[in-house]
Amino acid sequence: MTELITTIRTMNLISQRYHQQGKSIGFVPTMGSLHEGHLEMMKQSASENDITVVSIFVNPLQFGPNEDLDNYPRDIDSDFEKAQSVGVDYVFYPSEQEMYPERPTIEVKAGELATVLEGKQRPGHFDGVVTVVNKLFNIVRPQRAYFGKKDAQQLAIVEKMVDDFNQQVQIVPIDIIREADGLAKSSRNVYLTEQERTEAPHLYQSLKLAHSLYEDGERNSDKIIAETTAYIKAHTSADIETVAIYSYPELVEQSHISGSIFISLAVKFTQARLIDNIIIKSEES
Ligand code: PAF
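Since the structure is predicted, the reported quantities are computational estimates derived from the model, not experimental observations.

### Examining the side chain of asparagine 59
- As for its position among the elements, asparagine 59 is in the loop between strand S3 (51–56) and helix H3 (76–85).
- With a relative accessible area of 1%, asparagine 59 lands in the buried category.
- For asparagine 59, the side chain forms a polar contact with the main-chain oxygen of glycine 128, separated by 3.0 Å.
- In this structure, asparagine 59 is in contact with Met31, Tyr100, Gly128, Val129 and Val132, ignoring residues within four places of it in sequence.

Written out as structure tokens, the structure reads:
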């Protein structure tokens, strides 16, 4: 039976109880609107921990003034059912008043890693993410926390935060879950028009093209970026915001590729801003 918890105090007490019993807690932080990608993280958590806690909280601190905070899709009944179907024990669903009775005086700063890519496009976004993730870690006190590789920059920043603050939680990265046609699952896909939905899988195709160029030995980032960009332009009506190659997890832009990298893209359709990436691990240096 899955339980819905709405207060920090109750969540704290539950977590404390499991700690005392020596049981492990796996944690999947989300903003709701759950899809296969989230469910995959929950399943993995349920298989690796005694207890799985999922949080559903649309965190206002990580939305910019012109972003989709008010319109962000919310459906707690359906989310609860989905979490229940994959064996989640607790859904932590606090109100905004419960999480932020007032705007926090002290916020965590994501620093250097947030000055590029998504962080550059969305100033303050990652500060909001690390602030809420810190709070959630303190409330839930998990042994393991699950983050998707789709938000690769978020994953790198959260891993760095845990390291910098010596937090006692293991971050478990989860592969991107895709639709059958390759489109990365995202809560924002619902904003795509019918026509855009047919175009969107080409984003993944463009990343596969980039990957194949890399596999064929191309190490000049500009060349890979140019071909990837041209492919997206030819196959979609989206405005391209970013096609970039960065080292991973250090997030330093690469003009000549060496070592592990990620190829990251962000595009805007009429109502949906989509991101996708591939991480390429390399033994080269
Ligand atoms: O990835 C998300 O859904 C959010 O950024 C997170 C980690 C739940 C923090 O609000």
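And the narrative resumes.
### Let's talk about the UniProt feature "active site" (unreviewed entry) in the protein chain
- Listed under "active site" (unreviewed entry) in the UniProt record, and renumbered for this structure, are His38.
- Tracing the backbone through its elements, the reader meets histidine 38 in helix H2 (residues 36–48).
- Judged by its relative accessible area of 10%, histidine 38 falls in the buried class.

### A short note on the sheet that holds strand S8 (residues 261–268)
- Strand order in the open sheet formed by 3 strands is S7-S8-S9, with antiparallel pairing between adjacent strands. Strands at the two margins of the open sheet, each flanked by one partner only, are strand S7 (239–247) and strand S9 (273–280). Taking each pair of neighbouring strands and ignoring which way they run, the sheet shows an average axis angle of 10°.
- Pairing geometry for S8 and S9, over 8 bridges, is antiparallel. The partner of isoleucine 263 across the bridge, within S9, is isoleucine 278.
- Where helix H10 (residues 221–235) meets the sheet, it contacts S7 and S8, and its direction lies at approximately 150° from that of S7.

### Concerning the sheet that holds strand S2 (residues 25–30)
- Taken in spatial order, the 6 strands of this open sheet run S1-S4-S3-S2-S5-S6, and their pairing is parallel. Every interior strand has two partners, whereas the edge strands, strand S1 (3–5) and strand S6 (170–174), have only one. In this sheet, adjacent strand axes meet at a mean angle of 25° when their direction is disregarded.
- In terms of strand pairing, S3 meets strand S4 (residues 90–92) through 3 bridges, oriented parallel. Within S4, the position partnered with valine 53 by the bridge is tyrosine 90.

What counts, and where the lines are drawn
Residues numbered from 1 in each chain as written. Predicted model: local features only at pLDDT ≥ 70, side-chain atom pairs only at ≥ 80, totals over all residues. Heavy atoms only, no water. Helix = DSSP H or I, 4+ residues; strand = E, 2+ residues; numbered from the N terminus. Buried < 20%, exposed > 50% of the residue type's maximum accessible area, 1.4 Å probe, protein only. Polar contact = N/O pair within 3.5 Å; in protein donor to acceptor, adjacent residues only side chain to side chain. Contact = heavy atoms within 4.5 Å. UniProt positions renumbered as here; feature names shortened; annotations may be inferred. Pairing = 2+ DSSP bridges. Axes fitted to C-alpha atoms, helices over the stretch in contact; angles between N-to-C directions.

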